[in-house]
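Geometric and topological summary
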Amino acid sequence: MENQEYSVGLDIGTTKIVAIVGRRNAHGKIEILGVGKAKSLGVHKGIVNNISQTINSIKAAVAEAQSSSGVPIHKVTVGIAGKHIRSLQHSDYIMREKPDKFITDDDIEALKDQVKKLVMLPGEEIIHVLPQEYKVDSEGEIQEPVGMHGKRLEANFHVVVGQMGSIRNIARCVREAGLEMEALTLEPLASSEAVLTKEEKEAGVAIVDIGGGTTDIAIFKDNIIRHTCVIPYGGGIITEDIKEGCSIIEKHAEQLKVKFGSAVPELEKDSTFVTIPGLHGRPDKEISLKTLAQIINARVEEILEMVNTELKAYGAFEQKKKLIAGIVLTGGGSNLKHLRQLANYTTGFDSRIGFANEYVANDKNQYLKGPEFATSIGLLMESLKIRDKKTIAVEEEVEAEVENKIEQNVEEINNNAESQTLVTPQVEEEVKVPVQTSRSSKPTFGQSLMEKVKKFFEEVE
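Counting of residues starts from 1 at the beginning of each chain's written sequence and follows it residue by residue. Since the coordinates come from a predicted model, pLDDT governs what is reported: local features require at least 70, and pairs of side-chain atoms require 80 or more to be given and counted, while whole-chain, interface and lining totals use all residues. Note that water and hydrogens are dropped before the side-chain values are worked out from all heavy atoms of the structure.

**A word on the overall build of the protein**
Segments assigned H or I by DSSP are reported as helices when at least four residues long, segments assigned E as strands when at least two residues long, and all are numbered from the N terminus. Within the protein, the regular secondary structure consists of 11 helices and 18 strands. Restricting the calculation to C-alpha atoms gives the radius of gyration, and the globule rule supplies 2.2 Å times the number of residues raised to the power 0.38. Taken over the C-alpha trace, the protein has a radius of gyration of 35 Å; the compact-globule value for 461 residues is 23 Å, which it surpasses by more than 25%. Once the C-alpha set of the protein is aligned to its principal axes, its extents read approximately 140 × 60 × 40 Å. Each residue is assigned to one of three classes by its accessible area relative to the maximum for its type, calculated with a 1.4 Å probe on protein chains only: buried under 20%, partly exposed between the two thresholds, exposed over 50%. Relative to its full complement of 461 residues, the protein shows a buried share of 45%. Two residues qualify as a contact provided that any one of their heavy atoms is within 4.5 Å of a heavy atom in the partner residue. Looking at the protein alone, contacts between residues at least 24 apart form 67% of all its contacts between residues at least 6 apart. Neither His nor the chain ends contribute to the count of charged residues, in which Lys and Arg are positive and Asp and Glu negative. Charged groups are reduced to one reference atom each: NZ for lysine, CZ for arginine, CG for aspartic acid, CD for glutamic acid. Of the side-chain charges in the protein, 56 are positive and 70 negative, and the distance between the mean point of each set is 5 Å.

Below, the structure is given as structure tokens:
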């Protein structure tokens, strides 16, 4: 299978690293070729804090993805998150040199490149420059300026910024694992690709991706990204709270959270208990499910309050900026029982769980349905988009070359025709007299044929 046919998304998370290989089928849906999953050992709250362990985890996930898909993996699209991520709004413009010609993608890229030259705080680097709305000369609120005429091209941008050190560490881990980083994408943007519909983005929606170390938020309105942020708390801190509150080991705390955890204590009975095996001959420990739910509830409410603060910062409670589609919860943390009801109550917005398999064609065993795969499938979709753009660009280049060659050939033919018309009159004058003399002296084909017929009849007689 050629490398051109498939793409790879690599999700370097706090609890797990997932490599997912896929391609686009004839109907435009994604066909998953293979998935590799490994425990993440060198990442804390979305930031790499142990290079060698992260490299080993990446290698393990990629090796599993290669064996299950049967294809070699060289290029990957990688996700980035972490508490160092911040975003800002910025507007900029360019004056076009040739206003008589229509605006092209090159003009938009030139405007983006200008924004990328913004001076950031020491140690920071721009990750994404996302156009929101354009303005051409005096006309504002333009979604797609390509094809329009104008001198001044202006746009509002959503700029995502991260710590240079964290970005370099991720790049090094990918490189040391023997891979090439095709692109670096903010994880909430990738998750939104996988779980949000166009209608939701149009109406106004907030995606809340509760991962192991961080909770990532992206807000869309009128099909435009409006706000992004990363909260440095996730499912891992809930496990830590259970471990401390119940005085049990982390492994048992994680199992309790996944199997019996609930975000609403009022929905749990006082009389229901779970028995945890004791360590090294110590007696077993009984834990009330209501007590467990109270511990979980305290931390989840804190995370949701932080989400609420970000929604207020954007202005989601204003009439013009209202999120009609509410909140979409995704990530491994959204598997928590009764989380949706608590989110509805805390934020006041309708919530739903975002499953990642909506765009996947061949997930028959529902393995990828879990919201914990939202980011990795989103990264795969982003990688496929990049590949499609490159393919279109190559096709356009080939078409341009063919057109140029055709034009050159046409010019050559025209030039040759002109030179022939200049020479022809002289030739005609030169050969005119001999032709006439030859015609008078030499019989034509018809005349010679008639002579032969006459001779034949004479001989017969």
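**Section: a nonpolar patch on the surface**
Like-charged residues are merged into a patch within 9 Å and nonpolar side chains (Val, Leu, Ile, Met, Phe, Trp, Tyr) within 5 Å, provided each residue has over 30% relative accessible area and no salt bridge. All accessibility values rest on the Shrake-Rupley procedure with a 1.4 Å probe; residue burial counts only the protein chains present in the view. The term salt bridge refers to a pairing of a side-chain nitrogen on Lys or Arg with a carboxyl oxygen on Asp or Glu at a separation within 4 Å. A cluster of nonpolar residues, Val394, Val398, Val402, Ile406 and Val410, forms a patch on the protein surface that exposes about 400 Å² of accessible area. Within the secondary structure layout, Val394 lies in helix H10 (residues 374-441).

**Some details on the packing of helix H6 (residues 235-246) against helix H7 (residues 250-260)**
Angles shown run from 0 to 180 degrees and are taken between the N-to-C directions of axes, each axis being a line fitted to C-alpha atoms and, for helices, limited to the stretch in contact. Two elements in contact, H6 and H7, have axes separated by 8 Å at closest approach and are oriented at 115°. Looking at the two axes, H6 sits roughly perpendicular to H7. Classified by chirality, the crossing of H7 by H6 is right-handed. Across from Gly235, Ile238, Thr239, Ile242 and Lys243 in H6, the residues of H7 making contact are Glu250, Ala253, Glu254, Leu256 and Lys257. Residue composition of the contact of H6 with H7, by class: 4 nonpolar, 2 polar and 4 charged. For this classification, under 35 degrees means roughly parallel, over 145 means roughly antiparallel, 65 to 115 means roughly perpendicular, and everything else is oblique. Left-handed describes a crossing whose near helix is turned anticlockwise from the far helix by less than a right angle; the clockwise case is right-handed. Note on residue classes: Ala, Val, Leu, Ile, Met, Phe, Trp, Tyr, Cys and Pro are nonpolar, Asp, Glu, Lys and Arg are charged, and everything else, Gly too, is polar.

**Some words on the sheet that holds strand E9 (residues 139-142)**
Note on pairing: DSSP must find at least two bridges between two strands before they are called paired. Pairing in this open sheet of 4 strands is antiparallel, and the strands run E7-E10-E8-E9 from one edge to the other. Each having just a single partner strand, strand E7 (86-95) and E9 make up the two edges of the open sheet. When the angles between neighbouring strand axes are averaged without regard to direction, this sheet yields 35°. Where strand E8 (residues 124-136) lies against E9, 2 bridges are found, and the strand directions are antiparallel. Its bridge partner being in E9, Tyr134 is matched across the sheet by Ile142. Against the sheet, helix H2 (residues 105-116) contacts E7, E8 and strand E10 (152-163), and its axis sits at roughly 125° relative to E7.

**Considerations on the nonpolar core**
One finds Leu10, Ile12, Ile58 and Ile377 to be the most contacted residues of the largest nonpolar core, which totals 58 residues. Residues within four places of Ile377 in sequence aside, it is in contact with Ile20, Ala194, Ala356, Val360 and Leu368. Side-chain atoms within 4.5 Å are what join buried Ala, Val, Leu, Ile, Met, Phe, Trp, Tyr and Cys residues into a set we call a nonpolar core. Of all hydrophobic cores here, the second largest spans 37 residues; its members include Cys229, Ile237, Ile296 and Leu336.

**Here we look at the UniProt feature "domain: SHS2" (unreviewed entry) in the protein**
Summarizing the sequence annotation, UniProt attributes the feature "domain: SHS2" (unreviewed entry) to residues 7-195 in the numbering used throughout. Spanning residues 7-195, this segment combines 28% helix with 43% strand, and its end C-alpha atoms are found 19 Å apart. UniProt positions are given in the numbering used here, feature names are shortened, and annotations may be inferred rather than shown by experiment.

**Comments concerning unusual backbone geometry**
Positive phi, normally seen in glycine, also occurs at Asp137, with a value near 55°. Note on placement: Asp137 falls in the loop between E8 and E9. Positive phi is not limited to glycine here, since Asn223 has a value of about 65°. Inspection of the secondary structure assignment puts Asn223 in the loop between strand E13 (215-221) and strand E14 (224-231).

**A word on helix H1 (residues 51-69)**
The end-to-end C-alpha distance of H1, which contains 19 residues, comes to 27 Å, matching closely the 27 Å that a straight helix rising 1.5 Å per residue would cover. Contacts made by the buried residues of H1 are with strand E1 (7-12), strand E2 (16-24), strand E3 (30-39), strand E4 (43-44), strand E5 (47-48) and helix H3 (164-176). Positioned one or two residues after H1, Gly70 has a phi angle of 75°, which is positive. Given a helix with a known number of residues, its expected span is that number minus one, times 1.5 Å.

**Structural notes on the packing of H6 against helix H8 (residues 289-314)**
Running from N to C, H6 and H8 point in directions that differ by 140°, and their axes come no closer than 9 Å. With respect to H8, the axis of H6 lies oblique. You can see that H6 and H8 cross each other, and the crossing is right-handed. Contacts between H6 and H8 involve Ile237, Ile238, Asp241, Ile242, Gly245 and Cys246 from the first element and Leu292, Ile295, Ile296, Arg299 and Val300 from the second. Its residues assigned to classes, the contact of H6 with H8 shows 8 nonpolar, 1 polar and 2 charged.

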